[in-house]
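Examining the three-dimensional arrangement
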Amino acid sequence: MKKKSTMPLRKLALLCLISAVQSQISVAQTGSGRMVTQPSERVAGLSYADIADIADAAPLVAQARIGNIIKLKPAQAGTVPAGYQRVYVEANVANLIRGEGGISPTVRYLYDAPLDARGKMPKLKKAQVILFARPGGRPGEIQLVARDAQIVASPAETERVKAILSELVAVDAPPRIIGLGDAFHVAGTIAGEGETQIFLRTENGDPVSLSILRRPGQQPRWAVALGEIVDEAARPPAPGSLLWYRLACGLPNALPARSVRALSPQDAELARADYQMVLDALGPCGRTRTAR
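Here's a quick rundown of the structure. (Residues numbered from 1 in each chain as written. Predicted model: local features only at pLDDT ≥ 70, side-chain atom pairs only at ≥ 80, totals over all residues. Heavy atoms only, no water.)

**Concerning the nonpolar core**
Applicable threshold: Take the buried Ala, Val, Leu, Ile, Met, Phe, Trp, Tyr and Cys residues and link them wherever side-chain atoms come within 4.5 Å; each set so joined is a nonpolar core. Under the scheme applied here, a residue whose accessible area is under 20% of the maximum for its type counts as buried, over 50% as exposed, and between as partly exposed, the area being computed with a 1.4 Å probe on protein chains only. We call two residues in contact whenever any of their non-hydrogen atoms come within 4.5 Å of each other.
Counting 65 residues, the largest nonpolar core has Tyr109, Phe132, Ile198, Leu200, Leu210, Leu247 and Leu251 as the members making the most contacts within it. When neighbours within four sequence positions are excluded, Ile198 is seen to be in contact with Leu180, Asp182, Ala183, Val208, Ser209, Leu210, Ile212, Leu255, Ala271 and Tyr275.

**Some points on the side chain of Asp50**
Rules: Under the scheme used here, helices are H or I runs from DSSP no shorter than 4 residues and strands are E runs no shorter than 2 residues, and both carry numbers assigned from the N terminus. Charge convention: Lys and Arg are scored as positive, Asp and Glu as negative, and His as well as the terminal groups of each chain are ignored. Here a salt bridge means any side-chain nitrogen of Lys or Arg lying within 4 Å of a carboxyl oxygen belonging to Asp or Glu. A 3.5 Å cut-off defines polar contacts: any pair of N or O atoms within that distance qualifies, except that in protein one atom must be a possible hydrogen donor and the other a possible acceptor, and neighbouring residues in sequence count only when both atoms are side-chain atoms.
Structurally, Asp50 is set in helix α2 (residues 48-56). At 4.9 Å, Arg289 is the nearest oppositely charged side chain to Asp50, a buried residue that forms no salt bridge. Among the polar contacts made by the side chain of Asp50, one reaches the main-chain amide nitrogen of Ser47 at a distance of 2.9 Å. A distance of 2.5 Å separates polar atoms of two side chains, one belonging to Asp50 and the other to Thr288. Discounting chain neighbours no more than four positions away, the residues touching Asp50 are Gly286, Arg287, Thr288 and Arg289.

**Observations concerning the pattern of salt bridges**
Counted according to the given criterion, the structure contains 13 salt bridges. The salt bridge involving Arg138 is made with Glu141; its shortest N-O contact spans 4.0 Å. Of the residues examined, Arg138 reaches a relative accessible area of 43% and is grouped as partly exposed. The closest approach of N and O atoms between Arg261 and Asp182, which form a salt bridge, is 3.0 Å. Note that Arg261 is positioned in the loop between α5 (242-250) and α6 (265-282) and Asp182 in strand β7 (residues 177-187), a separation of 79 residues in sequence. Judged by its relative accessible area of 31%, Asp182 is partly exposed. When salt bridges with common partners are traced through the structure, they connect Asp56, Arg176, Glu203 and Arg246 into a single cluster.

**Overview of the packing of α2 against helix α4 (residues 155-169)**
Inclusion rule: Between N-to-C directions, angles span 0 to 180 degrees; the directions come from axes that are lines fitted to C-alpha atoms, helices contributing only their stretch in contact. Under this scheme an angle from 65 to 115 degrees is roughly perpendicular, one under 35 degrees roughly parallel, and one over 145 degrees roughly antiparallel; angles in between are oblique. What makes a crossing left-handed is the near helix being turned counterclockwise from the far one by less than a right angle; a clockwise turn instead makes it right-handed. Three residue categories are used. Nonpolar comprises Ala, Val, Leu, Ile, Met, Phe, Trp, Tyr, Cys and Pro, charged comprises Asp, Glu, Lys and Arg, and polar comprises the others, including Gly.
For the pair α2 and α4, the least separation of the axes is 10 Å and the interaxial angle reads 60°. Considering the angle they form, α2 stands oblique to α4. Here the hand of the crossing between α2 and α4 comes out right-handed. On α4, the residues touching Tyr48, Ile51, Ala52, Ala55 and Asp56 of α2 are Arg160, Val161, Ile164, Leu165, Glu167 and Leu168. Looking at side-chain class alone, the contact of α2 with α4 contains eight nonpolar, no polar and three charged residues.

**What to know about the state of the cysteines**
Short version of the rule: Whenever a pair of cysteine sulfur atoms sits within 2.5 Å, that pair is classed as a disulfide.
Counted according to the given criterion, the structure contains one disulfide. The disulfide partner of Cys249 is Cys285, and the S-S distance across this bridge is 1.9 Å. The sign of the S-S torsion, about 85°, decides the handedness of the disulfide formed by Cys249 and Cys285: right-handed. In this pair, Cys249 is assigned in helix α5 and Cys285 in the segment after α6, connecting sequence segments 36 residues apart. With respect to class, Cys249 is no different from Cys285; both count as buried.

**Regarding the packing of α2 against α5**
Running from N to C, α2 and α5 cross one another at 95°; their axes reach a closest spacing of 11 Å. With respect to each other, α2 and α5 are oriented roughly perpendicular. Within the contact between the two elements, α2 uses Tyr48, Ala49, Ala52, Asp53 and Asp56 and α5 uses Leu242, Trp244, Tyr245, Arg246 and Cys249. Classifying every residue of the contact of α2 with α5 by side-chain character gives seven nonpolar, no polar and three charged.

**Quick look at unusual backbone geometry**
The backbone of Lys126 shows a phi angle near 75°, a positive value even though the residue is not glycine. Position of Lys126 among the secondary structure elements: in the loop between β3 (106-114) and β4 (128-135). Overall, Lys126 belongs to the exposed group, its relative accessible area being 56%.

**Regarding the pairing of β4**
Selection criterion: Two strands are said to pair when DSSP picks up at least two bridges between them.
Two strands pair when backbone bridges link them, and strand β1 (residues 60-71) and β4 are joined in this way by six bridges, in the antiparallel orientation. Bridge pairing in β4 places Ala64 opposite Val129. Relative to strand β6 (residues 150-152), β4 is paired through three bridges, and the arrangement is antiparallel. Residue pairing for β6: Ile130 is matched across the bridge by Ile151.

**Focus: the packing of aromatic side chains**
The condition that has to hold: Two aromatic rings, drawn from Phe, Tyr or Trp (for Trp, its six-membered ring), form a pair once their centres lie within 6.5 Å of each other, and the interplanar angle then sorts them: stacked below 30 degrees, edge-to-face above 60, tilted otherwise.
Per the stated rule, a full pass over the model turns up three aromatic pairs. The interplanar angle of 65° and the centroid separation of 6.2 Å between the aromatic rings of Tyr48 and Tyr245 together place this pair among those described as edge-to-face. In this pair, Tyr48 sits in helix α2 while Tyr245 sits in helix α5, placing the two residues 197 residues apart along the sequence. By relative accessible area, which is 14% here, Tyr48 ends up buried.

Spelled out as structure tokens, the structure:
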């Protein structure tokens, strides 16, 4: 009797959730240009940059155990990319990792499960997962911030997510980079000596700059400064840190013409070379998720 009385409520919740988010889920998960994955099993091996991308966009991060799953029929699912099956999920929250407003003990959401080569879904029921989400329109409803914003909650992955979130919410967290400002180059008193300073544009307006120092017979040295003053304590960021991620994933591939418009052609060329040296030192961003 209990089963018969709860199923209509579950179906009602499903219909409400589909109605609330069906028109938003495709935009939120594919329209941003940042949060799309290939239909593969790569999710199990997300890089630091991948996790940071998802975590940075998620006001809610929770560890949960999946309970009920309902496959949505094409008429209910809406537009779903090839290689995915959209499902309705009910999960029990075990631990709220991030979320100032709290979260319901049981959450409901839509998830696009990647299909294997045989067109089969992974086993999701009773799986321990980490959810990166935003609040939904009704109590207990959440919306994943990306199609791959549900990952397996292994002990190692859980600790990595917590470490990244700790960096993101720190008072001195480096800001998002949105572009490059002016670049300056000052030649030294002897041939081969010089210093380049490149100012970065940030989302919150906080000052961030790169400085590159060249001296004859020495390898070029560079540093990043978070503040108005560049001092001797400034250093390159540690690989795999949030500052490294902000730079490696946020800097454009080349110094734009507007950044060197006030420089002589020779100084502009030196500034471009110094900027390229910084990019080479940072190395690739390491994103494995498809972005468009």
